[in-house]
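What follows is the residue order along each chain.
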Amino acid sequence: MEPRAAQLRRREGLGGQKEDRPSREGEPHFGNTQCPGNNDTHRGPDLLQWTRHMQAVKTQLLEQAQGQLTELLDQAMCEAIQAYPPQDRPVPSIPPDSLHKTREPSLGKRKVFINRKSLLDELMEVQHFRTIYHMFVAGLCVFIISTLAIDFIDEGRLMLEFDLLIFSFGQLPLALVTWVPMFLSTLLVPYQALWLWARPQSRAAWTLGVGLGCMLLAGHTAVLSILPVHVAVEYQLPPASRCVLVFEQVRLLMKSYSFLREIVPGTLRARGGEGIRAPSFSSYLYFLFCPTLIYRETYPRTPNVRWNYVAKNVAQALGCVLYACFILGRLCVPVFANMSREPFSTRALVLSIMHATLPGIFMLLLIFFAFLHCWLNAFAEMLRFGDRMFYRDWWNSTSFSNYYRTWNVVVHDWLYSYVYQDGLWLLGGRARRAAMLGVFLVSAVVHEYIFCFVLGFFYPVMLLLFLVIGGPLNFMMHDRRTGPAWNVLMWTMLFLGQGIQVSLYCQEWYARRHCPLTQTTFWGLVTPRSWSCHT
């Protein structure tokens, strides 16, 4: 239907006029009929013109609503046609008495893609929300002015130093070169394996093809799993360059699994019949770049590319990276650089966590805006990808279960489709809590792996926060918890959680540089150095 931002602008533009609503008994009905007691003969010319304008607005709104509803139904029909069962399986029928009480099936629910804008793009159309964005831009300006002023007072010169930025993105060309074989393996191997399985042939030849395809997939998995880790460890890549490798490693593995999971079952069922058709290579290539982890042969597309919108989002993403460097350089490095040289105390630990809550929540918002909004929207616009719902209104969440569903819709769709639903299928549709626990376990392990890869050490802060604390909170703070107090509680927990992560990871980072291992051992690698480093 009509976007919320457009509704707000329409209400403001109409001077606060109330929307039409169905008439009740005893109330006048404002439709094609005239308002009782307000005949045209008694109206002034201005009021008559205003009434005609309102009738035109009403007609326009009804036409727009009808067009959007038609588009939504057409997209649903396309999804239904794509999911049409094979010829050896009958089409499921719906009993007539159940048409008025149809429920969503607990198993087999598929992701439906439709043309829609990102929520922040809609909200940015409202002046009040744009002001909040301007406040964050003003904060970046304050950081720049502060850096220039301090540099001028201390050094007598005006110069912005980007030492932290240059260090973080060091050896970036090596990371990009490493990405090339990772991408080529993902581009060629899964599609080739599918072609071996889908080709009609004798049973012996097909069995040989299946074995060869499995060997190719095992080699593909080994390349994606080992190559980036080897390069990161062997060449001691800095954090930002490691981010490029680990995010691409996880993304390509998830996309490979989605492609095979969506296509292979239908291919194997139809192998003995006529007209087996593998998906086109162009659709698979498009899937590898488009901002979704769920494979479909076709997606809704926008009519053209707005290159100014692409440039704006890329510039905003780069601005967020600069913003993050200023936050780390001004709010974190001065506090944690020498903390490991002081005696440990509970008071110092608590104060460091409280101090890290503000930069921690800033980093959370910057990561969300830079990646989930700017970066994904830039790629979606370049590829004319229509479904821009990469996140929902997670900031309004009153429960952690809703927060986990709305923070990152792209990853949530993958976990829901291939971990939760497949887990329910394996368990026979029962044990929903066990399937949900499996989702938390997979997500926590992957998040901890990403932190371990980027920082270069194992310190299971994220694992404990996500699995030990976040898991129970998901069941305790469920969707039945509503009201402003629960939203305040959720934000309080986010502030504290971000403060714990920033504080403990920064302490461990500097402790490993101040107190390097004299002898490399397994326990030395997995034991937090900040617990014993006091130089």
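Residues numbered from 1 in each chain as written. Predicted model: local features only at pLDDT ≥ 70, side-chain atom pairs only at ≥ 80, totals over all residues. Heavy atoms only, no water.

The name given to the chain in an unreviewed UniProt entry is O-acyltransferase, with the source organism recorded as Lipotes vexillifer. If you open the UniProt record of the chain and go to Sequence similarities (unreviewed entry), you find "Belongs to the membrane-bound acyltransferase family. Sterol o-acyltransferase subfamily." Turning to the chain, the UniProt record has this under Subcellular location (unreviewed entry): "Endoplasmic reticulum membrane". (UniProt positions renumbered as here; feature names shortened; annotations may be inferred.)

Draft legend 1. Empty space enclosed by the protein, seen in detail. Evaluated as defined, the whole model comprises one cavity of 30 Å³ or more. Taken as a whole, the largest cavity encloses approximately 70 Å³ of empty space. As for the largest cavity, its lining consists of K111, F113, P291, T292, F385, D387, M389, F390, V409, V410 and D413. For the lining of the largest cavity, the class distribution of residues is seven nonpolar, one polar and three charged. (1 Å grid on protein atoms, 1.4 Å probe; cavity = no way out; pocket = protein on both sides within 12 Å on 5 of 7 lines; lining within 4 Å. Points joined across faces, edges and corners; volume = space filled by probe spheres on them. Nonpolar A, V, L, I, M, F, W, Y, C, P; charged D, E, K, R; others polar.)

Draft legend 2. Fine view of the UniProt feature "active site" (unreviewed entry) in the chain. UniProt marks H447 with the feature "active site" (unreviewed entry), using the numbering shown here. Mapped onto the secondary structure, H447 falls in helix α14 (residues 432-455). Polar contacts involving the side chain of H447 include one to the main-chain carbonyl oxygen of S443, which spans 2.7 Å. (Helix = DSSP H or I, 4+ residues; strand = E, 2+ residues; numbered from the N terminus. Polar contact = N/O pair within 3.5 Å; in protein donor to acceptor, adjacent residues only side chain to side chain.)

Draft legend 3. Broad picture of unusual backbone geometry. At Q171, a residue that is not glycine, the phi angle is positive and equals roughly 60°. Residue classification places Q171 among the partly exposed positions, given a relative accessible area of 36%. Of note, Q236 is a non-glycine position whose phi angle comes to about 50°, a positive value. Mapped onto the elements of the fold, Q236 is located in the loop between α7 (203-234) and α8 (239-269). (Buried < 20%, exposed > 50% of the residue type's maximum accessible area, 1.4 Å probe, protein only.)

Draft legend 4. Quick peek at the packing of α14 against helix α15 (residues 461-476). One way to put it is that α14 packs onto α15 with a least axis distance of 8 Å and a crossing angle of 155°. With respect to each other, α14 and α15 are oriented roughly antiparallel. Read as a crossing pair, α14 and α15 show a hand that is right-handed. Where α14 abuts α15, its residues R433, M436, F440, L441, S443, A444, V445, H447, E448 and F451 lie against V461, M462, L463, F466, L467, G470, G471, N474 and F475. Considered class by class, the residues forming the contact of α14 with α15 number 12 nonpolar, five polar and two charged. (Axes fitted to C-alpha atoms, helices over the stretch in contact; angles between N-to-C directions. Parallel < 35°, antiparallel > 145°, perpendicular 65-115°, else oblique. Left-handed = near helix turned anticlockwise from the far one by under 90°. Contact = heavy atoms within 4.5 Å.)

Draft legend 5. The arrangement of the environment of H514 in detail. Among the structural elements, H514 can be located in helix α16 (residues 484-514). H514 gets classed as partly exposed once you look at its relative accessible area, which sits at 21%. In this structure the side chain of H514 is engaged in a polar contact, spanning 3.5 Å, whose partner is the backbone oxygen of A337.

Draft legend 6. Seen up close, the packing of aromatic side chains. A full pass over the atoms with the stated rule returns 40 aromatic pairs. Across from the ring centre of F113, 5.3 Å away, lies the NZ or CZ of K111, which sits over that ring. Here the basic side chain of K255 rests over the ring of F287, its NZ or CZ set 4.2 Å away from the ring centre. (Phe/Tyr/Trp six-rings, centres within 6.5 Å; stacked < 30°, edge-to-face > 60°. Lys NZ or Arg CZ within 6 Å of the ring centre and 35° of its normal.)

Draft legend 7. A look at the pattern of salt bridges. Counted according to the given criterion, the structure contains nine salt bridges. The partner of E248 in a salt bridge is R251, with the nearest N and O atoms 2.7 Å apart. One end of the pair is E248 and the other is R251, both in helix α8 and three residues apart, which spans about a single turn. What makes E248 buried here is its relative accessible area of 18%. The shortest N-O distance in the salt bridge between R306 and E381 comes to 3.1 Å. In this pair, R306 sits in the loop between α9 (281-289) and α10 (307-336) while E381 sits in helix α11 (residues 346-382), placing the two residues 75 residues apart along the sequence. The partly exposed category is assigned to R306, whose relative accessible area is 41%. Each member of the salt-bridge network shares a partner with another, and the members are R306, E381 and R388. (Salt bridge = Lys/Arg side-chain N within 4 Å of Asp/Glu carboxyl O.)

Draft legend 8. Spatial organisation of a nonpolar patch on the surface. On the surface, V180, L184, L188, F281, L285 and F289 cluster together to form a nonpolar patch covering roughly 470 Å² of accessible area. Mapped onto the elements, V180 comes out in helix α6 (residues 172-198). We classify V180 as partly exposed; its relative accessible area is 39%. (Patch = residues over 30% accessible without salt bridge, like charges linked within 9 Å, V, L, I, M, F, W, Y side chains within 5 Å. Areas by Shrake-Rupley, 256 points an atom, 1.4 Å probe, with all protein chains shown as cover.)

Draft legend 9. The packing of α10 against α16, seen in detail. Orientation of α10 relative to α16, taken along the N-to-C sense of each, is 55°, at an axis distance of 10 Å. Taken together, α10 and α16 sit at an angle that is classed as oblique. Note that α10 runs across α16; the crossing there is right-handed. Residues C332, V333 and F336 of α10 form the contact with α16, whose participating residues are V502, S503, C506, Q507 and Y510. Among the residues forming the contact of α10 with α16, the class breakdown is six nonpolar, two polar and no charged.

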